[in-house]
Amino acid sequence: MAQGWAQIVVFLLVLTALVPLVGTYLARVFRGERVFLSPVIGPVERFAYRVMRVRPEEGQDWKAYARSIVVFSLVSWLALYLLLRTQGIQPLNPEGFGSGPWNLSFNTASSFVTNTNWQYYGGETTLSYFVQMVGLTVQNFVSAAVGIAVLAAVIRGFAARSGAALGNFWSDLIRINLYVLLPIAFVAALVLVSQGVIQTLDGSTTFNTLAGGTQTLALGPVASQEAIKELGTNGGGFFNVNSAYPFENANSFTNMVELLLILIVPASLTYTFGRMVGNRRQGWALYAAMMAMFLVAVGVVYAAEQHGSPAQHHAGVLTHAFDGSTGGNMEGKEQRFGIAESSLWTAVTTVTSCGAVNAALDSLTGIGGLVPLANMGTGEVVFGGVGSGLYYMLLFVLLTVFIAGLMVGRTPEFLGKKIESREVKLVLVGVLVTPLLALFATALAVASPDGTQSIYNHGPQGFSESLYAYMSQANNNGSAFAGYTGFVQPNAPGNAGAEAFSFANLLGGLVMILARFLPMIAALAVAGSLAGKRIAPAGAGTFRADSPTFVVLLIGVVAIVAALTFFPAFLLGPVVQGLTDQLF
Amino acid sequence: MTDETLRNEPRSLVDRAIMVRALLDSVRKLDPRHQIRNPVMFVVEIGALIVTGGWLIQVFGGPPLGGGDEPAWFAFSIGAWLWLTVIFANFAEAIAEGRGKAQADALRSMRTETVARLRDGGEKPASELHRGDVVVVEAGETIPGDGTVIEGIASVDESAITGESAPVVRESGGDRSAVTGGTRVLSDRIVVEITQEPGQSFLDRMIALVEGAERRKTPNEIALNILLAGLTLVFLAVVVSLRPFAEFSGTDASVVTLIALLVALIPTTIGALLSAIGIAGMDRLVRHNVLALSGRAVEASGDVDVLLLDKTGTITLGNREATQFIPMPGIEEAELAEAAQLSSLADETPEGRSIVVLAKKYGIRERQLEAHARFVPFSAETRMSGVDVNGNQYRKGAGDAIVRYVIEQGGRPPVELQEQLDLIGRDGGTPLAVCRDNHVLGVVYLKDIVKEGMHARFDELRRMGISTVMVTGDNRLTAAKIAEESGVDDFLPEATPEQKLDLIRGHQEEGRMVAMAGDGTNDAPALAQSDVGVAMNTGTQAAREAGNMVDLDSNPTKLIEVVEIGKQLLITRGALTTFSIANDVAKYFAILPAIFAFTYAANPGERGPLDALNIMELGTPTSAILSAIVFNALVIPLLVPLALRGVRYRPIGATALLRRNMLIFGLGGLIVPFIGIKLLDLLIHNLLGA
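Residues numbered from 1 in each chain as written. Chains lettered and ligands numbered in written order. Predicted model: local features only at pLDDT ≥ 70, side-chain atom pairs only at ≥ 80, totals over all residues. Heavy atoms only, no water.

So, about the overall build of chain B. A count of helical and extended segments in chain B gives 23 helices and 21 strands. Taken against the 2.2 N^0.38 rule, which gives 26 Å for 690 residues, the C-alpha radius of gyration of chain B at 34 Å runs more than 25% over that of a compact globule. When the backbone C-alpha atoms are referred to their principal axes, chain B occupies close to 120 × 60 × 45 Å. Within the span of chain B, comprising 690 residues, buried residues form 55% of the whole. Counting contacts in chain B only where the partners sit at least 6 residues apart, residues at least 24 apart contribute 70% of the total. Per element, the accessible surface of chain B, about 27,800 Å² overall, is 56% carbon and sulfur. Across chain B, the 65 positively charged side chains and the 86 negatively charged ones have centroids separated by 2 Å. (Helix = DSSP H or I, 4+ residues; strand = E, 2+ residues; numbered from the N terminus. Rg over C-alpha atoms; globule rule 2.2 N^0.38 Å. Buried < 20%, exposed > 50% of the residue type's maximum accessible area, 1.4 Å probe, protein only. Contact = heavy atoms within 4.5 Å. Areas by Shrake-Rupley, 256 points an atom, 1.4 Å probe, with all protein chains shown as cover. Lys, Arg positive; Asp, Glu negative; His and termini not counted. Charge placed at Lys NZ, Arg CZ, Asp CG, Glu CD.)

What follows is the structure, given as structure tokens:
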């Protein structure tokens, strides 16, 4: 395990070293300042403003900002839905795929507009290159940019000394795409291609195997989608098996590059926050809280997978390390990555709302599988999705300040701004939507005949699959315990005769939309409410939110809220499996 | 009305009469129309109703509500303890209100109907007096309403309001002109202009306040209530979704069990005690003889960043004291002391008396003056006072006045005099020159005496994160000296009402909360502007109306206690909320293994894998659930004393204080229920056999 831990530590050191650099860059982009790319991108930016008739200096209050987001997302959704419905008549469709069922299109459109990338379908057997590129990859960029833009607006509200303006959504959207997502994704895609990730518009290729049979290999423009899929914490794979497939994730090096791409923006945004509110310690405090929870997640999943499940022990399946093998639970894992890299990926993809996978989560041990569920149980605030993770975490910060802050004998305040009933109300809306949706949707799914037809396994495994499906969609994560089915494709590749379960697709789509936009609007409203408040100077009696004590408290509140909400559900799924050697 | 009713000398929390009344009230408060104001307890009451219904169905031979195989006594016991939970919560509120109600009754008894005599002849019942009516009150009569003395001077017994038995003087003009309805004139005759409308007198407001009739939820309390309602909603979702989850796992979770789980999880502890904490906070103020005219002000006082204090009477003793005789060259100190004493014998001002006291230290005893002594009283014109005796003229007064006097008498003041006068002035003191005939004998050094312990209090305030500003009419030099001596953080010299107002506004602009105490009419704008304005009861009507608290003792230093009470109130809320939430962990570990003890068992009838989570090793599922519910109920009355007393505030810095309270109430809240539930289970399972 020592080598595995060494890999993990090196990775985290590289990440931490990059945080201030990228964080500073992001802050400059948010503020509209000049950056080293300005000479190249500046003209494009100004051209975009002219075409879209955007005046970046024109600030919007939280309502106008939220309205712009709703309008933009609605148009995005309609466009994507239309693309999915008309696949058969579009170009760049070498396999000649027709459109799938409408309810699957509903789910997929909702999934990509909400930055979830939940996939009931397998990309290479269902979608044309045109839809993958013009539909999904475009949404990978813009839905990520929406999340980051909201965070930028929220930070402005927290930092504001007066006024109600949170910035201009349209200029945020343009700047984040042009200065952040496009350049990084461009470079990253080239790096991936250099390592063997494919990028082609050719159709699939068929060859004779050594054993004498024939095999068809699906191809496509993968690298370009792969880069933004990780960078924007989207997670929707070009291929069904996602980053476990060599054409998406070629080797250990690309594995680390992709992991870094997933974490770099959410992690660096903590620094951006500290910089923009004028208290870098505050940014690092948030980073520390996230990193501590992340380390626990990695440690537990790694230890659990290395140890193996009670059932494996009972069956006498060797789980000890021996020469030439790492031992442990290798079911569902790539030999190329082993337990350490698979565990690290599993933690990374579920603390962030990325959802890309390089191993089969369904094959994790009981306790190993508890980790991704628990990560989503926090509401994806440990780094979380790009932008969304931090604005969600800030809601938890306010909650912590409200409960604990009272204990210093002052009415609660954060960054000198009083937290009053309006903020508490909005924070609760933001924080509670996700767990309520996850619980109720799972309850419907396991209790109704329409719901249970999606469940493949029975007993705790079946329960975990269902719970995972709705927690994943309610957190806009997108990863899955395989086995939960929403789409049956009897004549793959191709959609002829394919059928999608309305219950799973519609409920899931609705959950993703509500879980994305309600907390987002709540966060904007909180920021709008805080923007107009006076900042009280900190004194000896003020509770400092940039202290180690606060970091511990914040972790405590995040953990206890998650635990209290999902403890009973976790018991009936992964915990049962962690405690018994029975097979389900 | 006795002293005791308002002054509240330390009295046990459980007064028998208050107890009885509280018990009755806690049953009366079961009315759902009352409960709905507290969403957490309302949910408990609904739960109790359903469980009781389920029990009745079982009693009449029906099946357990919603499946399961629990016996009827289980539903009965859970139902009974849920009702008790609500009653305990009501009791906590009732007992907090109880003290106030007792005080209100006492106050109400003095609101006897008096007949007011109008100045322009005619009479009117006191209850019909309006603003602007002018009444005459003579010795032995009760003042019919709140007002301002516009003519005359009288001694008034205000013990009914303040509990202070010594009479006070009320006179027209100046800052001692306000009178309160219900107080009694002991001597002389005053003419009072009424300043209240019927039913809105100070007494009426006081009754309403102590009784809690006007109690509105304060902003932070509202916010906390929203949080608690939110938590309740989450747990409702958890419990509602748990039933299908359990069903999918092949387990029956009965309605009674699920309701028990719900009640155990929702924050009943803080929900039950929240209003008691608020009422007790107001009550603690009343016990310090401070009436908060709004709960908002009590909360705000916890947030105070800047304290404005008047110098005179607050930081320094009300009056200057003579501390030193400084003779001119060639004069004996004793000679100066004697002259100073003689000239002050007839001086009844505190300064004059302090000179006599100081002179005693020189062995000069007070003497009876011969009959032919002639006293010269102080006048604003001469700015001197003194005595003519045995052919000598003794005078003391301001330096320049004495210099002029001596020159008029043909003498020549020594050059050292001016030196000494300047020296004392620079030192922050007030010099008085003393002369006999045309000889200047020396100087008396009058000094502002900083109250004992002020330095320590200001240090304490600084540790609390509160800075203090001394407001004084003195010049900058004197003010600086006293500020330094008393340890105050800042000072405002030669203060005018406008400057005071500007100072407060300035701090508020920068986001600070300002508290101040005041009594004069010219304090009224500043009192109104400050976030916490404590008006002295001796002050004018205008001041009393501008402030949001009234200090019946008229002691400005009490601001410090007010701040502490505000902080205590907020800490208690936070501490019990934390405790309440932390408790849930143990309750999960008691109830969930009980519900899922047999789930996914390898063989029927055996315990399943989740039984491993029964880390408390509770006897049976029924006993485990019952123990959790009993613990949940009992913790409420056990915490009532803490809610009423409040969690102590310690000025040790915010982070240290937070760490301390987190350790006690957070960690304690995690551990205590594990022990409590285990003990209850031992009792319920092993002794009662459940």
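Alright, that's what it looks like, and here's the rest.
Our next topic: the pairing of strand β19 (residues 514-518) of chain B. All names here are of chain B. Within β19, 5 of the 5 residues are buried, which leaves the element mostly enclosed by the surrounding structure. Along β19, one buried face is formed by V514, M516 and G518 and the opposite face, lined by A515 and A517, is buried too. Regarding topology, helix α19 (residues 524-529) serves as the crossover connection from β19 to the parallel strand β20 (residues 532-536), and that connection is right-handed. (Right-handed = clockwise from strand over helix to strand, strands pointing away.)

Residues and elements named next belong to chain B. Its place among the elements puts D188 in the loop between β7 (184-185) and β8 (189-194). Expressed as a C-alpha distance, the spacing of D188 and S155, which sit 33 residues apart in the sequence, is 7.3 Å. Residues contacting D188, with those up to four places away along its chain left out, are V137, E138, A139, I153, A154 and S155. There is a polar contact of 2.8 Å between the side chain of D188 and the side chain of S187. (Polar contact = N/O pair within 3.5 Å; in protein donor to acceptor, adjacent residues only side chain to side chain.)

Right, let's get into the interface of chain A and chain B. At the junction of the two partners, chain A supplies 56 residues and chain B supplies 66 residues. With both sides pooled, the region where chain A packs onto chain B buries about 5,000 Å², and carbon together with sulfur makes up 78% of that total. On the chain A side of the interface with chain B, the three residues burying the most area are M407, L564 and L572 of chain A, jointly 15% of the side's total. Across the contact surface, chain A and chain B share 2 salt bridges. Residue R410 of chain A is joined to D305 of chain B by a salt bridge in which the shortest nitrogen-to-oxygen separation is 3.0 Å. Where chain A touches chain B, the interface holds 11 residue pairs in polar contact (both at pLDDT 80 or more). If you tally residues by element for the side of chain A that touches chain B, the top one is helix α19 (residues 548-579) of chain A, at 14 residues. Among the residues forming the side of chain A that touches chain B, the class breakdown is 38 nonpolar, 13 polar and 5 charged. (Buried area = accessible area lost by both parts, 1.4 Å probe. Salt bridge = Lys/Arg side-chain N within 4 Å of Asp/Glu carboxyl O. Nonpolar A, V, L, I, M, F, W, Y, C, P; charged D, E, K, R; others polar.)

All right, on to a positive patch on the surface then. Residues and elements named next belong to chain A. Among the surface-exposed residues, K63, R67, R422 and K425 lie close enough to one another that they form a single positively charged patch. Within the residue set of the positive patch, elements represented by two or more residues are α3 (62-85) and α15 (421-447). With respect to the secondary-structure elements, K63 resides in helix α3. Take K63: its relative accessible area is 48%, and that puts it in the partly exposed class. (Patch = residues over 30% accessible without salt bridge, like charges linked within 9 Å, V, L, I, M, F, W, Y side chains within 5 Å.)

Attention now goes to the confidence of the model for chain B. Across chain B, pLDDT averages 86, with 95% of residues at or above 70. Per-residue pLDDT stays below 50 along residues 1-11 of chain B; that stretch engages in 26 contacts with residues further than four places along the chain or on separate chains. (pLDDT = per-residue confidence, 0-100.)

What follows concerns the side chain of S454 of chain A. All names here are of chain A. Among the secondary structure elements, S454 is positioned in the loop between α16 (449-452) and α17 (459-474). Under the relative-accessibility criterion, S454 is labelled buried at 1%. Ignoring any residue separated from it by four or fewer positions in sequence, one finds S454 in contact with G483, Y484, T485, F501 and A504.

Here the focus is the packing of aromatic side chains. Using the criterion set out here, one finds 32 aromatic pairs over all chains in the structure. Each residue in the set Y129, F238, F239, Y245 and F247 of chain A is aromatic and connected to the rest through ring pairs, giving one cluster. (Phe/Tyr/Trp six-rings, centres within 6.5 Å; stacked < 30°, edge-to-face > 60°.)

A surface patch of nonpolar side chains, amounting to about 700 Å² of accessible area, comprises L663, I664, L667, L670, I671, I675, L679 and L682 of chain B. Along the polypeptide, L667 of chain B turns up in helix α23 (residues 654-687).

The amide bond that connects A492 of chain A to the next residue, P493 of chain A, takes the cis arrangement and shows omega of -10°. Despite not being glycine, F383 of chain A has its phi angle at roughly 65°, a positive value. For D188 of chain B, which is not glycine, the phi dihedral falls at a positive 65°. For D188 of chain B, a relative accessible area of 48% corresponds to the partly exposed category.

Residues and elements named next belong to chain B. An ideal rise of 1.5 Å per residue puts 44 Å on 30 residues; helix α8 (residues 219-248) measures up with 44 Å between its terminal C-alpha atoms. The largest bend in α8 comes to about 30°, at L242, with the proline P244 one to four residues further on. With respect to burial, α8 is a largely interior element, 21 of its 30 residues being buried. A positive phi of about 75° marks G250, the residue just after α8. (Expected span 1.5 Å × (residues − 1). Bend = angle between axes of the 7 residues up to and from the residue.)

The pairing of strands in a sheet comes from backbone hydrogen bonds and takes either a parallel or an antiparallel form. Residue and element names in this part refer to chain B. A sheet is described by the order of its strands in space; here 7 strands give the open sequence β9-β21-β20-β19-β10-β17-β18, paired in mixed fashion. Strands with a single pairing partner mark the edges of an open sheet, and in this sheet they are β9 (290-292) and β18 (490-492). Between one strand axis and the next, the sheet turns through 20° on average, direction left out of account. Here β19 runs beside β20; their pairing, made up of 4 bridges, is parallel. (Pairing = 2+ DSSP bridges. Axes fitted to C-alpha atoms, helices over the stretch in contact; angles between N-to-C directions.)

This next bit is on the packing of α19 of chain A against helix α21 (residues 558-595) of chain B. Close contact between α19 of chain A and α21 of chain B brings their axes to 10 Å; oriented N to C, the two are set at 10°. Between α19 of chain A and α21 of chain B, the crossing angle belongs to the class labelled roughly parallel. Of the residues in α21 of chain B, those touching α19 of chain A at I560, A563, L564, F567, P568 and L571 of chain A are I581, D584, V585, Y588, F589 and L592 of chain B. Residue composition of the contact of α19 of chain A with α21 of chain B, grouped by class: 11 nonpolar, no polar and 1 charged. (Parallel < 35°, antiparallel > 145°, perpendicular 65-115°, else oblique.)

Right, let's get into the environment of G386 of chain B. Residue and element names in this part refer to chain B. Along the chain, G386 turns up in strand β13 (residues 384-389). Given the relative accessible area of 3%, G386 is considered buried. Distance from G386 to C435, taken between C-alpha atoms, is 9.5 Å for residues 49 residues apart in sequence. Residues contacting G386, with those up to four places away along its chain left out, are S343, R374, F375, V376, Y394 and R395.

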